[in-house]
Amino acid sequence: MTASLLARLKEELAAFGAAHDAQAPSHGQRLLNITPDTGEFLAVLVRATQARRIVEIGTSNGYSTLWLAEAAQPQGGHVTTLERDPAKLAMARENFARGGLSAAITAWQGDAGDWLAAAPAASIDLVFLDAQRAAYVDWWPGLDRLLRPGGLLVVDNAVSHAEEVAGLRARIDATPGYTVSLVPVGKGELLAVKPGGAVLKGS
């Protein structure tokens, strides 16, 4: 798919997500997509960090995954996306195929805590966290373990649901060496860089 057609697909999904959530009878049935400016911000982060090994926790219908995978493609990157809801993941897989990005995405259905427990240490460049916020504190040891030195954690809803993200922020702040910033894009993005990345040497 060309960049222009993929852009149209993302616009379609953004509009569909907003219309769907306005009529959804319960929170669990909502798609809860990121905002388009958050998608643009994620794409910038992926390309600026040259992230190739990306994990997304909270796929929904795959809107955010498309932003991540498209940005990772130039450097040969791959996105593993985790989702509990099989119906949402089925929608996401259809959208990955429509966007021509299925080969750059592995979709995994199940509890993210189980996946994190089995993931190799220091194996991921960037994690995007947009799932059940009550679980974030329990997930932190696994997230910290799988991020490589210099890896980046991005947490959505850090302003819109600040109280629900506060526990995770406290765990990050209590872990030595992390560099943290709260960025007012979309619903608020909490960025945390793991210590120990490569040092660039001048010429």
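To be clear, the structure that these remarks concern was listed above.
Now for a look at the structure at hand. Every chain begins its residue count from 1, and numbering advances along the sequence as written. With pLDDT at 70 or above as the cut-off, local features in this predicted model cover only qualifying residues; side-chain atom pairs require 80 or more to be listed or tallied, and sums for whole chains, interfaces and linings still use all residues. Side-chain numbers here rest on the full set of heavy atoms in the structure, without hydrogens or water.

**A few points about the pattern of salt bridges**
As a reminder, the rule being used: The salt bridge criterion pairs a side-chain nitrogen of Lys or Arg with a carboxyl oxygen of Asp or Glu, the two atoms within 4 Å. For helices the rule is a DSSP run of H or I covering at least 4 residues; for strands it is a run of E covering at least 2, with both sets numbered from the N terminus onward. Partly exposed residues are those whose accessible area sits between 20% and 50% of the maximum for their type, while under 20% is buried and over 50% is exposed, using a 1.4 Å probe and protein chains only.
A complete count under the given rule lists seven salt bridges for this structure. Two residues, Glu70 and Lys10, come together in a salt bridge whose shortest N-O distance is 2.6 Å. Of this pair, Glu70 sits in helix 3 (residues 63–72) while Lys10 sits in helix 1 (residues 3–23), and the two are 60 residues apart along the sequence. Lys10 carries the same exposure label as Glu70, and that label is buried. For Asp125, the salt bridge identified is with Arg53, shortest N-O distance 2.9 Å. Here Asp125 is found in strand 4 (residues 124–129), whereas its partner Arg53 is found in strand 1 (residues 53–57), with 72 residues between them in sequence. The exposure class of Asp125 is buried, given its relative accessible area of 9%. What emerges from the salt-bridge pattern is a single network uniting Arg53, Asp125 and Arg148.

**Let's talk about the pairing of strand 2 (residues 78–83)**
Note the following rule: At least two bridges found by DSSP between two strands are what make those strands a pair. A crossover counts as right-handed when, viewed with the strands pointing away from the observer, the path leading from the first strand over the helix to the second turns clockwise.
For strand 2, the tally of buried residues reaches five of six residues, placing the bulk of the element in the interior. When strand 1 meets strand 2, the two strands line up parallel, connected through five bridges. Bridged to Ile54 within strand 2 is Val79. Read as a crossover between parallel neighbours, the route from strand 1 over helix 3 to strand 2 is right-handed. As paired strands, strand 2 and strand 3 (residues 105–109) are joined by five bridges and run parallel to one another. By the bridge assignment, Glu83 is partnered in strand 3 with Gln109.

**With respect to unusual backbone geometry**
Unusually for a residue other than glycine, Gln50 sits at a positive phi of about 55°. For Gln50, the location among the structural elements is in the loop between helix 2 (36–49) and strand 1. Non-glycine residue Ser60 carries a positive phi angle of around 55°. Structurally, Ser60 is set in the loop between strand 1 and helix 3.

**Digging into the sheet that holds strand 1**
Selection criterion: Axis definition: a line fit to C-alpha positions, over the contact stretch in the case of helices; interaxial angles, taken between N-to-C directions, run 0 to 180 degrees. Any two residues whose heavy atoms approach within 4.5 Å are treated as being in contact.
As summarised here, the arrangement of the seven strands in space is 3-2-1-4-5-7-6, forming an open sheet in which the pairing is mixed. The sheet is open, and its two edges are formed by strand 3 and strand 6 (179–183), each paired on a single side. If you compare each strand with its neighbour and ignore which way they point, the axes differ by 15° on average. Inspection of the sheet shows strand 5 (residues 147–155) paired to strand 7 (residues 189–193) by four bridges, in the antiparallel sense. Bridged to Val154 within strand 7 is Leu191. In the packing of helix 7 (residues 162–173) onto the sheet, contacts are made with strand 4, strand 5, strand 6 and strand 7, and the angle to strand 7 comes to roughly 20°.

**A closer look at the packing of helix 6 (residues 136–146) against helix 7**
Here is the rule: Rotating anticlockwise by less than a right angle from the far helix to the near helix defines a left-handed crossing, while the corresponding clockwise rotation defines a right-handed one. Polar here means any residue other than Ala, Val, Leu, Ile, Met, Phe, Trp, Tyr, Cys and Pro, which are nonpolar, and Asp, Glu, Lys and Arg, which are charged; Gly is therefore polar.
The geometry of helix 6 relative to helix 7 is characterised by a closest axis approach of 8 Å and an angle of 35° between their N-to-C directions. Once helix 6 is placed against helix 7, the crossing between them reads as right-handed. Residues Tyr136, Val137, Trp140 and Pro141 of helix 6 lie in contact with helix 7, whose contacting residues are Gly167, Leu168, Arg171 and Ile172. Partitioned by chemical class, the residues of the contact of helix 6 with helix 7 number six nonpolar, one polar and one charged.

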